[in-house]
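# Commentary on secondary and tertiary structure
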Amino acid sequence: MSVRIAPSVLSADFGRLADDVARCEAGGADWIHVDVMDGQFVPNLTFGAKVIDTLRRLTKLPLDVHLMVVEPEKYFDSFAGAGANVLTIHQEAAPHLHRQLHRIRELGCRAGAAINPSTPVESLRDVIVDLDLLLVMTVNPGFGGQKFIEGTVSKIARAKQMLMAAGSSATLEVDGGIARDTITRCWRAGADTFVAGNAVFSAPDAAAEIRELRARCSEQA
Ligand code: DX5
Ligand code: ZN
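All values derive from a computational prediction rather than experimental measurement.

Rules behind the numbers
Residues numbered from 1 in each chain as written. Chains lettered and ligands numbered in written order. Predicted model: local features only at pLDDT ≥ 70, side-chain atom pairs only at ≥ 80, totals over all residues. Heavy atoms only, no water. Helix = DSSP H or I, 4+ residues; strand = E, 2+ residues; numbered from the N terminus. Rg over C-alpha atoms; globule rule 2.2 N^0.38 Å. Buried < 20%, exposed > 50% of the residue type's maximum accessible area, 1.4 Å probe, protein only. Contact = heavy atoms within 4.5 Å. Areas by Shrake-Rupley, 256 points an atom, 1.4 Å probe, with all protein chains shown as cover. Expected span 1.5 Å × (residues − 1). Near = heavy atom within 4 Å. Polar contact = N/O pair within 3.5 Å; in protein donor to acceptor, adjacent residues only side chain to side chain. Axes fitted to C-alpha atoms, helices over the stretch in contact; angles between N-to-C directions. Left-handed = near helix turned anticlockwise from the far one by under 90°. Pairing = 2+ DSSP bridges. Right-handed = clockwise from strand over helix to strand, strands pointing away. Parallel < 35°, antiparallel > 145°, perpendicular 65-115°, else oblique.

## Examining the overall build of the protein chain
Secondary structure assignment for the protein chain yields 8 helices and 8 strands. Against the globule reference of 17 Å for 221 residues, the protein chain gives a C-alpha radius of gyration of 16 Å, in line with a compact fold. For the protein chain, the C-alpha atoms occupy an extent of roughly 45 × 40 × 30 Å along the three principal directions. For the protein chain, buried positions account for 54% of its 221 residues. By sequence separation, contacts in the protein chain at least 24 residues apart represent 66% of the contacts at least 6 residues apart. When the accessible surface of the protein chain is split by element, carbon and sulfur atoms take 50% of a total near 9,500 Å².

## Some points on helix α5 (residues 152–165)
For α5, spanning 14 residues, the distance from its first C-alpha to its last is 20 Å, which sits close to the expected 20 Å at 1.5 Å a residue. Buried positions along α5 lie against β5 (110–115), β6 (133–137), β7 (171–175) and α6 (183–189).

## Quick look at the site of ligand 1
Not every one of the 20 residues close to ligand 1 is listed here, only the nearest: Asp35, Gly142, Gly145, Asp175 and Gly197. Measuring from an oxygen atom of ligand 1, one finds a side-chain N or O atom of histidine 33 at 3.3 Å. Relative to its unbound accessible area of 380 Å², ligand 1 is 99% covered by the protein chains. Of all the secondary structure elements, the ones that give two or more residues to the shell around ligand 1 are β2 (32–37), β3 (63–68) and β8 (193–196). Sort the elements by how many residues they give to the shell around ligand 1 and β2 lands first, with 3 residues.

## Some points on the packing of helix α1 (residues 17–26) against helix α8 (residues 206–215)
Viewed as axis vectors pointing N to C, α1 and α8 meet at an angle of 40 degrees, and their least axial separation amounts to 7 Å. The element α1 and its partner α8 pack so that their crossing is right-handed. Touching Arg23, Cys24 and Ala26 of α1 are Ala206, Ala207, Ile210 and Arg211, all from α8.

## What about the sheet that holds β3?
Spatial strand order, β1-β8-β7-β6-β5-β4-β3-β2: 8 strands in an open sheet with parallel pairing. Each having just a single partner strand, β1 (4–7) and β2 make up the two edges of the open sheet. Ignoring strand direction, the axes of neighbouring strands in this sheet form an average angle of 25 degrees. Both β1 and β8 contribute to a ladder of 4 bridges, which runs parallel. Across the sheet, alanine 6 pairs through a bridge with valine 195, a residue of β8. Each of β2 and β3 is contacted by helix α2 (residues 49–58), which is oriented at about 165 degrees to β3, the strand it contacts most.

## A short note on the pairing of β7
Burial of β7 is extensive: 5 of the 5 residues sit out of reach of the surface. With burial as the criterion, each face of β7 is covered, one bearing Thr171, Glu173 and Asp175 and the other bearing Leu172 and Val174. With 5 bridges joining them, β6 and β7 adopt parallel strand pairing. Bridge pairing links leucine 134 to leucine 172 in β7. Handedness of the crossover is the feature at issue here: the chain leaves β6, passes through α5, returns alongside β7, and the resulting connection is right-handed. Read as a crossover between parallel neighbours, the route from β7 over α6 to β8 is right-handed.

## Examining the packing of α1 against α2
A pair of packed helices is characterised by two quantities: the angle between their axes and the separation of those axes. Packing of α1 against α2 brings their axes to within 10 Å, and their N-to-C directions diverge by 55 degrees. As the angle between them shows, α1 and α2 are arranged oblique. Handedness of the α1/α2 crossing: right-handed. For the pair α1 and α2, the contacting residues are Leu17, Ala18, Val21 and Glu25 in the first and Thr54, Leu55 and Leu58 in the second.

Structural measurements only, silent on function.
Spelled out as structure tokens, the structure:
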């Protein structure tokens, strides 16, 4: 299974966004992760379609858009139109998850579902065939730079088992507190796509940090 590193621009310097995205590309980043927060689903407010459109002009890398919002379907059309490639919605904010995942695919995006640390992975069992990506949150969403929650490692393993048992090839992504000291455990548990904000952008050399994180996803690490 190949490894994807997805730097989160939540921790980028917005005065130098183009430079920070270029640094991610130089380090071999696979996706750019975009955290959309509405101040309701999570206690923080970030960006919308305009920033997705700006990022779309700055890079050809896939834009991995993580919607931490209530009523996420309100944003599907504008985000897809702005250039999002992956749209991930929270199970906790999506009572009609099946319909919403289908709508995301209709718009030509990959459809993802995220679960908070307190939400069982089994809650996604009946939509596995509708998922292109399953995101296990390894912190409570809302802010960058939080401490990784250890108990989520066994959950990543359960998510991997569930996907394999269903014959699903969906991406298994982790997000929150991913850094040199946590990434290998997540990779061993079965994750293949790693969001990293603080670890990448607080490093003296963001490109080198991306390479270092990737190197830690191997049996030698
Ligand atoms: C948390 C966001 C994350 C955040 C991760 O609510 O979903 O994507 O940017 O940041 P770090 O890697 O700093 O924990
Ligand atoms: Zn995120």
